[in-house]
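Examining the three-dimensional arrangement
Listed here are the chains, written in short residue letters.
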Amino acid sequence: MTDLARPDRAEVLEMLAAFGQRAAEDVPDELGSLELTWLIAEFEQRYGIEPDLDDEAFEAVRTVDDAVAVFRAAVLAADGAASGSTAGGVAGAARP
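So, a few notes on the structure that sits alongside this text.

The next thing to look at is the packing of aromatic side chains. Inspection of every chain in the model, using the stated rule, returns three aromatic pairs. Ring geometry for F43 versus Y47: centroids 4.8 Å apart, planes at 25 degrees, classification stacked. Of this pair, F43 and Y47 are both found in helix α2 (residues 33-47), four residues apart, which corresponds to roughly one turn of the helix. Of the two residues, F43 and Y47, neither departs from the other in class, the shared state being buried. For the ring pair F43 and F71, a centre distance of 4.2 Å and an interplane angle of 5 degrees mean the geometry is stacked. Within this pair, whereas F43 is found in helix α2, its partner F71 is found in helix α4 (residues 64-83), the two being separated by 28 residues in sequence. The exposure class of F71 is buried, given its relative accessible area of 1%. Taken together, F43, Y47 and F71 form an aromatic cluster joined through their ring pairs.

Right, dumping it as structure tokens:
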């Protein structure tokens with residue numbers, strides 16, 4: 001089993017703060033689609049994992065906490081795939 005860190009709310013806020021060059025405490029809780037798209041790209045770069053989000057799942061991510069849950073599930077899924085087990089929830093594919 002790998003030891004991937006799971007992103008928490010503070011890390012997601014830090015990523016979002018870089019979008020728009022603002023302080024983490026100035027990041028609103030609700031996410032727009034452009035912020036979410038940018039955040040997913042940032043997560044993929046940082047973790048090397050692509051969250052498996054279809055259109056419906058993408059539309060369901062509306063807040064910072066929603067994004068945290070999706071990213072944590074993607075890390076858990078990638079960790080489970082690396083160890084040979086499967087994990088429920090939103091899947092994530094590790095990039096080569």
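Further remarks concern the side chain of E11. Counting through the fold element by element, E11 comes out in helix α1 (residues 9-18). Leave out the neighbours within four places in its chain, and E11 touches R46 and Y47.

Across the interface, α2 lies against α4 with an axial gap of 12 Å and an inter-helix angle of 30 degrees. When the axis of α2 is compared with that of α4, the two are roughly parallel. As for how α2 packs across α4, the hand of that crossing is right-handed. Seen from α2, the contacting residues are L39, I40, F43 and Y47; seen from α4, they are A67, F71, A74 and V75. When the residues that make up the contact of α2 with α4 are grouped by side-chain class, the tally is eight nonpolar, no polar and no charged.

Here is what the cut-offs are and how they apply
Residues numbered from 1 in each chain as written. Predicted model: local features only at pLDDT ≥ 70, side-chain atom pairs only at ≥ 80, totals over all residues. Heavy atoms only, no water. Phe/Tyr/Trp six-rings, centres within 6.5 Å; stacked < 30°, edge-to-face > 60°. Helix = DSSP H or I, 4+ residues; strand = E, 2+ residues; numbered from the N terminus. Buried < 20%, exposed > 50% of the residue type's maximum accessible area, 1.4 Å probe, protein only. Contact = heavy atoms within 4.5 Å. Axes fitted to C-alpha atoms, helices over the stretch in contact; angles between N-to-C directions. Parallel < 35°, antiparallel > 145°, perpendicular 65-115°, else oblique. Left-handed = near helix turned anticlockwise from the far one by under 90°. Nonpolar A, V, L, I, M, F, W, Y, C, P; charged D, E, K, R; others polar.

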